[in-house]
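Structural overview for review
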Amino acid sequence: MHYCTDPNCFFCRWKLNKMRIDLNEEGSHYSLVGGNLVISNPIKTTHEGNYSCMASNTYGTVISRVGSVQFGYLDLFSSEERETVKVKEGQGAVLLCAPPPHHPAELSFRWILNEFPTFIPMDKRRFVSQSNGNLYISKVDSSDTGNYSCIASSPSISKSVFSNYIPLVPQAERPIRKYPADLNVKFPDTTALVGQNITLECFALGNPVPEIHWKKLDGPMPPNHEMAGAHLHLYNVQFEDGGTYRCEAVNSRGKDYHTARVSVEAFPEWVEHIISTEKDLGSEYTMSCVASGKPKPRIHWLKNGEPLDRNEMRFSSLTFDDSGMYQCKAENHHGVIYANAELRVFACAPTFEHNPVKRVLAAKNGRVVIECRPKAAPKPTFSWSKDTELLSNSTRVFIWEDGSLEILNVTRADEGRYTCFAENDRGKANSVGSLLVTESTKITLAPSNADVKVGENAWMQCAASHDPSLDITFIWSLDGRVIDLHKDGQHYERTPNGSSNGELLIKNVQLKHGGRYSCTAQTPVDNITASAHLVVRGPPGAPGGVRLINKTDKSVTLQWSRGADNHNPISKYTVQYRDSFSKDVWKNATTSPADVEGNAETATVTDLFPWTEYEFRVIATNTLGTGEPSSPSPKDKTLEAIPVVAPLDIGGGGGISRELTITWTPVQPQYYYGPNFGYIVAFKPQDEYQWRRVIVADPQANRYVHKESSIPPSTEFQVKVKTFNSKGEGPYSLTAIIYSAQDAPSEGPVSVDGRALSATEAIVWWLPLLQSNIDGYQVKYWRNQEDSEGGAQRVVVPGKENHTRLEGMRPDSHYLIEVRGYNSAGYGPPSEHLRIHTKKPPPSRPPKIIGKKLKGQSVNIAWEHVEPLANEASIDGYKVLYRQQGHSTGTLYTTSRRYIDLPMPTDGNYVVEVRAHSEGGDGAVARIHITGGSVMAAQSLSVLSLLLVALLCLNL
């Protein structure tokens, strides 16, 4: 190993898992580049581990933090087939991802449906957990049918793997049942580092799809949070964000909640650390290192790379052996930090080479200190002389321990040459300086107290006398804080009234400008200060500590502390409120007394809604205006009360046979007035006296269906609805008249007949049903052999009609057709089946256009006869559509011949479309274009182009 004597030269030694690395070993993968360790073609079994570097030069040795080399991997998913998941519609489902072995731990997950890249979108119903990769579906429906595959991706190694497909088969259930919210994804107790971003997950199964709500139980939500359904994102986490968090899943059938803690810890960070220094031989010295972090970091010391068994570095008498490179190391389980410094112990005779005694100015009657700071070790003894006179301590003259000379009550007689003498056991030296005495600075015009209103201007005067040989400046401060005239130029301005005048103009005075103003007149030698108070009168400040001290179901009593009156008595207070229904809108509250006087610190807010969460704030007013509002009071709920609002729009009727359907408009949540809110539905036949009562516990319900086999159809009922909560029942709504459901049609249509119109269409007709309660007809048709009745096509026809056209049929196919009547109670029996055979399909080949020529003002278009295939309908003739290009409509001609004469357009572009016509419909189309008196077909363009090129070549 090569050593060098240049102090800037250093060499590095590297260690792997605390074992020294031999860079010269044969076959080594290691090399050094400028002190950096380079590993070529690393091998997991050889090169994985913890690396550290030890750097040395002539002054000592330091070691680096540990660096880690790891090898990432992501194995394939298991090749075993995944079992089919069968779930009833309306129930929740969980598809397990089961990610393969991997490193590092961070993976991201997505799911595909049937084929890549059809990714499952995340919504309120579906959720992919990024902690375990599972896919959660809160409520399965028929659209979820398919094969699912989990994709696991490692961002560290940019690799993704796919699982085998998991078939999901929803099973039909009618009616679809509802299920209460059931949390299946619950965030664990979580530890985060300060400054990190973390995400908490919560997701619930249930029907209806549950809503997810988040809250922090022991304080307000952090300012940097984002609630995104099943996710709670906390950004740039701080210590105060730690605490207990709750997610709550709610649907109309019930709710579920989960609580866990978020703990915030921190990487070690230096509060105070060592720095390189030079110290005298034999002097005292203490090295100090203080680190913050959570858990609290442990401090360790090293000298020249070797650990020291000491809790603190305190030297009572430094020796040359104490010189070296020192490191303090702060460590907790999150990491380690180092601070490095050199301690150099030296000894020398005094010398003033770099810091001689200087020429000093002092103000008359003032105080002056002449410094004596030679470089010397050990510390020297000091003495002073003025001119030829040796000085000693007196009531005016003092020699400090560090060698400085202090003179009080300076006079002109103190001017002269001053010499400092320094001596230690290694030698002695002296340095000469001088003292010049100037006139002292005096305030000649001091600022005076002022009293202004907000928005006015104020002047603070200040003038001073000073030594004419010196420059003077004026510095203004407010309550001890120096005023920056450039930064605060909007409100502060110095008036240009000469160099000895420092008057300050305060423009458009605001409340914040009130206080003690100090003017300091300053020269390079001395300064003097004078002060005055500026009183600013304005609107009151915000009241403080607004809180509830009493509450009922419709009122609360508030208490607050008076804010600053800003030198003008408070005349009144205004109380405002907001609730969960008004979002961020603050409204003036009704109070008792109606006018809250300025000396009050309590008020009662009335006309509130029971069992409603409110916030309140208070605003003070005086004759100069209205101040800022107080901070909102803590949120609190009024007490419960019996509901007083009845549902509106009572109605109903219809439905399935033997049912009575009752509907209403749900009551808005602010009128619930208490927990366990619901509805009581009362009904009775018109001719009876006894009311039947049914409880509907869902506060969002808007209907109740009573099913009973004895209910006669189309019978008049009286119905009414009222509300209830845990405190009692509210008033009934107005009574409404409705009718029970009618019976479904009892007969099927007769005389059903029809015929095929083409290969894909047919027409069907029947005799109307004579029953009066027919809303319409359903026509169902399917192929006799190829289709099942369950896959039949359907057409709905209004009750006033008795025929319809059937479309989308297959050519040359036998169809079965049935018709049945329906009303709100359901479908009646079907008619007898009608059989229809659709016609053969039209020709699939277009006519071939063989001629096109001008005949005066006409153009003649000719084509070859289309020969239908064996399974196609025979040709009945041809249809010719003559239209302007860009238009979908034009003139339609029908002919049995194989040509047609069309009028020649004078200008513009036209299209001629020719197709064969058969009983199965119209065949494929052939097109030709006509442009401004000429005819051009697609197949003739290339021939025309070649002819033009040939003519041009001949002309050449």
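These figures come from a predicted structure and were not determined experimentally.

Scanning the protein from terminus to terminus reveals two helices and 87 strands. In terms of overall dimensions, the protein is more spread out than a globule: its C-alpha atoms have a radius of gyration of 48 Å, far above the 30 Å expected for 956 residues. Principal-axis analysis of the C-alpha atoms gives the protein an extent of 145 × 100 × 70 Å. Expressed as a percentage of the 956 residues in the protein, the buried residues total 41%. Look at the contacts in the protein between residues 6 or more apart in sequence, and 63% of them connect residues 24 or more apart.

If you walk through the whole model with that rule in mind, you get 36 salt bridges. The residue Glu 493 makes a salt bridge to Lys 507 at a minimum N-O spacing of 3.3 Å. Taken as a pair, Glu 493 in strand S50 (residues 492–494) and Lys 507 in the loop between strand S51 (504–506) and strand S52 (515–522) lie far apart in primary sequence, 14 residues in all. Taking relative accessible area as the criterion, Lys 507 reaches 24% and is therefore assigned partly exposed. Here the salt bridges do not stand alone but share partners, grouping Arg 883, Glu 913, Arg 915 and Arg 927 into one network.

The subject of this paragraph is the sheet that holds strand S26 (residues 277–280). The mixed open sheet is built from five strands, whose spatial order is S26-S33-S32-S29-S30. In the strand order of this sheet, the two ends are held by S26 and strand S30 (306–308), each with one partner. On average, each strand axis in the sheet is tilted by 35° relative to the strand beside it, whichever way the strands run. In this sheet, strand S33 (residues 335–346) lies alongside S26 in parallel orientation, the contact comprising four bridges. Within the sheet, the bridge partner assigned to Lys 279 lies in S33 and is Val 345.

With that settled, consider the sheet that holds strand S68 (residues 703–707). Pairing between sheet strands relies on hydrogen bonds along the backbone, with the strands arranged either parallel or antiparallel. Read across the open sheet, the three strands follow the order S64-S65-S68; overall the sheet is antiparallel. Of all strands in the sheet, those bounded by a partner on one side alone are strand S64 (648–652) and S68. The average angle at which neighbouring strand axes cross in this sheet is 15°, direction not considered. Examined bridge by bridge, strand S65 (residues 659–665) and S68 share five bridges and lie antiparallel to one another. Bridge pairing links Glu 659 to Lys 707 in S68.

Next up on the list: the UniProt feature "domain: Fibronectin type-III" (unreviewed entry) in the protein. Per the UniProt record, the feature "domain: Fibronectin type-III" (unreviewed entry) sits at residues 542–641, 644–743 and 748–841. A helix fraction of 0% and a strand fraction of 49% characterise residues 644–743, whose end C-alpha atoms lie 38 Å from each other. Spanning residues 748–841, this segment combines 0% helix with 50% strand, and its end C-alpha atoms are found 33 Å apart.

Bringing the state of the cysteines into the picture now. Considering all chains together, one arrives at five disulfides under this definition. Here Cys 202 engages in a disulfide with Cys 247; their sulfurs sit 1.8 Å apart. Its S-S torsion of approximately -45° makes the covalent link between Cys 202 and Cys 247 left-handed. Within this pair, whereas Cys 202 is found in strand S20 (residues 198–207), its partner Cys 247 is found in strand S24 (residues 243–251), the two being separated by 45 residues in sequence. Each disulfide pairs two cysteine sulfurs, and for Cys 289 the partner residue is Cys 328, the sulfurs being separated by 1.9 Å.

This part takes up the UniProt feature "domain: Ig-like" (unreviewed entry) in the protein. Residues annotated by UniProt as "domain: Ig-like" (unreviewed entry) correspond here to residues 75–162, 180–263, 268–344, 350–438 and 441–529. For residues 75–162, helix accounts for 0% and strand for 39%, while the C-alpha atoms at its two ends are 10 Å apart. Counted over residues 180–263, helix gives 0% and strand 64%. Its end C-alpha atoms are 31 Å apart.

A few words on the packing of aromatic side chains. Considering all chains together, one arrives at 21 aromatic pairs under this definition. Centroid distance Phe 609 to Tyr 671: 5.4 Å. Interplanar angle 80°. Geometry classified as edge-to-face. Placement of the pair is Phe 609 in the loop between strand S60 (602–606) and strand S61 (613–622) and Tyr 671 in the loop between S65 and strand S66 (678–685), with a sequence separation of 62 residues. Classification of Phe 609 as partly exposed rests on a relative accessible area of 28%. Each ring, one from Tyr 882 and one from Tyr 910, has its centre 5.5 Å from the other, and the planes form 40°; the classification is tilted. Placement of the pair is Tyr 882 in strand S82 (residues 875–884) and Tyr 910 in strand S85 (residues 909–918), with a sequence separation of 28 residues. Taken together, the aromatic side chains of Trp 664, Tyr 672, Phe 677 and Tyr 679 make up a single cluster linked through ring pairs. Against the face of Phe 346 rests Lys 375, its NZ or CZ located 5.2 Å from the ring centre. Its end group placed over the ring of Trp 611, Lys 637 keeps NZ or CZ at 3.9 Å from the ring centre.

By size, the foremost hydrophobic cluster in this structure holds 21 residues, and its most contacted members are Phe 109, Trp 111, Leu 135 and Tyr 148. Those elements giving two or more residues to this core turn out to be strand S10 (93–95), strand S12 (108–113), strand S14 (135–137), strand S15 (146–154) and strand S17 (166–171). The contact partners of Tyr 148, leaving out residues within four places of it in the chain, are Leu 95, Trp 111, Ile 112, Leu 113, Ile 120, Leu 135, Asn 164, Tyr 165, Ile 166 and Leu 168.

The subject of this paragraph is the environment of Leu 834. Among the structural elements, Leu 834 can be located in strand S79 (residues 834–837). A residue is classified by how much of its surface remains accessible, and Leu 834, at 11% relative accessible area, is buried. Taking the C-alpha atoms as reference, Leu 834 lies 82 Å from Glu 628; in sequence the two are 206 residues apart. Here Leu 834 is in contact with Val 752, Asp 753, Gly 754, Val 764, Tyr 815, Leu 816 and Ile 817, once residues within four sequence places are set aside.

Once that is clear, we can look at the environment of Arg 898. Structurally, Arg 898 is set in the loop between strand S83 (891–895) and strand S84 (899–903). Residue classification places Arg 898 among the partly exposed residues on the basis of a relative accessible area of 46%. For Arg 898 and Glu 864, which are 34 residues apart along the polypeptide, the C-alpha to C-alpha distance reads 6.6 Å. Apart from the residues within four sequence positions on either side, Arg 898 is in contact with Ile 861, Ala 862, Trp 863 and His 865.

You can see Val 237 is positioned in the loop between strand S23 (231–234) and S24. Taking the relative accessible area as the measure of exposure, Val 237 reaches 1% and is therefore buried. Once the C-alpha coordinates of Val 237 and Ala 564 are considered, the two residues, 327 residues apart in sequence, prove to be 35 Å apart. Apart from residues lying up to four places away in sequence, Val 237 is in contact with Ala 192, Leu 193, Val 194, Gly 195, Gln 196, Ile 198 and Val 264.

Residue Pro 208 is reached from Asn 207 by a cis peptide bond, and omega for that bond is 5°. Pro 378 follows Ala 377 through a cis peptide bond whose omega is -5°. Phi is positive for Ala 98, which is not a glycine, with a value near 50°. Assignment of secondary structure puts Ala 98 in the loop between S10 and strand S11 (102–103). Taking the relative accessible area as the measure of exposure, Ala 98 reaches 49% and is therefore partly exposed. In this structure, Asp 812 takes a positive phi of about 50° despite not being glycine. Tracing the sequence through the fold places Asp 812 in the loop between strand S76 (803–806) and strand S77 (814–823). When its relative accessible area of 38% is taken as the criterion, Asp 812 is described as partly exposed.

Burial along S84 is one-sided: the residues Ile 900 and Leu 902 are buried and none of Tyr 899, Asp 901 and Pro 903 is. With five bridges joining them, strand S81 (residues 858–863) and S84 adopt antiparallel strand pairing. If you follow Val 859 over to S84, its bridge partner there is Leu 902.

Here is what the cut-offs are and how they apply
- Residues numbered from 1 in each chain as written.
- Predicted model: local features only at pLDDT ≥ 70, side-chain atom pairs only at ≥ 80, totals over all residues.
- Heavy atoms only, no water.
- Helix = DSSP H or I, 4+ residues; strand = E, 2+ residues; numbered from the N terminus.
- Rg over C-alpha atoms; globule rule 2.2 N^0.38 Å.
- Buried < 20%, exposed > 50% of the residue type's maximum accessible area, 1.4 Å probe, protein only.
- Contact = heavy atoms within 4.5 Å.
- Salt bridge = Lys/Arg side-chain N within 4 Å of Asp/Glu carboxyl O.
- Pairing = 2+ DSSP bridges.
- Axes fitted to C-alpha atoms, helices over the stretch in contact; angles between N-to-C directions.
- UniProt positions renumbered as here; feature names shortened; annotations may be inferred.
- Disulfide = S-S within 2.5 Å.
- Phe/Tyr/Trp six-rings, centres within 6.5 Å; stacked < 30°, edge-to-face > 60°.
- Lys NZ or Arg CZ within 6 Å of the ring centre and 35° of its normal.
- Core = buried A, V, L, I, M, F, W, Y, C linked by side-chain atoms within 4.5 Å.

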